[in-house]
Amino acid sequence: MPIIVTRSPAETEALGESWGRSAERGLVIALSGDLGAGKTQLVKGLARGLDFAGRVHSPTFTLVNEYAGGRLTLFHLDLYRLETVEQISAAGLDEYLRPEGVAVIEWAERWLGDESSTSDTSTPVRRVRLEVLSETERRISYEDFGA
């Protein structure tokens, strides 16, 4: 499992940008980490790597933001306000597990459970854990599952 330490929000965004450049249609990126861990910073970089030039912000109150106009459409989900799989399914979010673009899910553990439950999927999923080391440093570990 690769582990990267970023030392600034700009470095976290740069990591996301590199992932965006190589992302293919159907990819799901499942993010886990405490508030302030850098999840949205990573998504901002991902959007830039997908050639989306607009503003990116966390969809905490709308659940999903869609960013079209880049190389692939980016679907940015934030599950912070939902606590159970039943609530997530009732919100109609299941389609984002097979996106017509790239889906990034903040608080993904609320939907997908732990990493082992992702290992048998045919959808490509990158499980990402962001941890706060200091005010500016983040430890980012990730593992790819599926197709």
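Residues numbered from 1 in each chain as written. Predicted model: local features only at pLDDT ≥ 70, side-chain atom pairs only at ≥ 80, totals over all residues. Heavy atoms only, no water.

### Concerning the nonpolar core
And then number 1: Core analysis: the biggest nonpolar cluster contains 23 residues, and W19, L31, L46, L74, V102 and V128 have the highest contact counts within it.
And then number 2: At the level of secondary structure, the elements contributing two or more residues to this core comprise α1 (9–22), β2 (28–32), α2 (39–49), β5 (102–106), β6 (125–132) and β7 (138–145).
And then number 3: No other element matches α2, which puts four residues into this core.
And then number 4: Filtering out sequence-adjacent residues up to four positions away, L74 remains in contact with V43, L46, A47, L50, N65, E66, Y67, V102 and V104. (Core = buried A, V, L, I, M, F, W, Y, C linked by side-chain atoms within 4.5 Å. Buried < 20%, exposed > 50% of the residue type's maximum accessible area, 1.4 Å probe, protein only. Helix = DSSP H or I, 4+ residues; strand = E, 2+ residues; numbered from the N terminus. Contact = heavy atoms within 4.5 Å.)

### Some words on the sheet that holds strand β1 (residues 3–6)
And then number 1: Within the open sheet, the seven strands sit side by side as β1-β7-β6-β2-β5-β4-β3. Their pairing is mixed. Each edge of the open sheet carries a strand with a single partner, namely β1 and β3 (64–67). Sheet twist, expressed as the mean angle between neighbouring strand axes with direction ignored, is 20 degrees.
And then number 2: Relative to β7, α1 is tilted by about 15 degrees, and along the sheet it contacts β1, β6 and β7.
And then number 3: Lying over the sheet, α2 contacts β2, β4 (74–78), β5 and β6, oriented at roughly 170 degrees with respect to β5. (Pairing = 2+ DSSP bridges. Axes fitted to C-alpha atoms, helices over the stretch in contact; angles between N-to-C directions.)

### With respect to the pairing of β2
And then number 1: Among the five residues of β2, five are classified as buried, and the element is accordingly described as predominantly covered.
And then number 2: Neither face of β2 is open: one carries V28, A30 and S32, the other I29 and L31, and all of them are buried.
And then number 3: Taken together, the four bridges between β2 and β5 define a ladder with parallel strand orientation. The residue bridging I29 from the neighbouring strand is V104, located in β5.
And then number 4: With five bridges joining them, β2 and β6 adopt parallel strand pairing. Residue pairing for β6: I29 is matched across the bridge by R126.

### Points about α2
And then number 1: Of all 11 residues in α2, eight are buried, a share of seventy percent or more.
And then number 2: Taken together, the buried residues of α2 touch α1, β2, β4, β5 and β6.
And then number 3: Trailing α2 by a residue or two, D51 shows a phi angle of about 70 degrees, which is positive.

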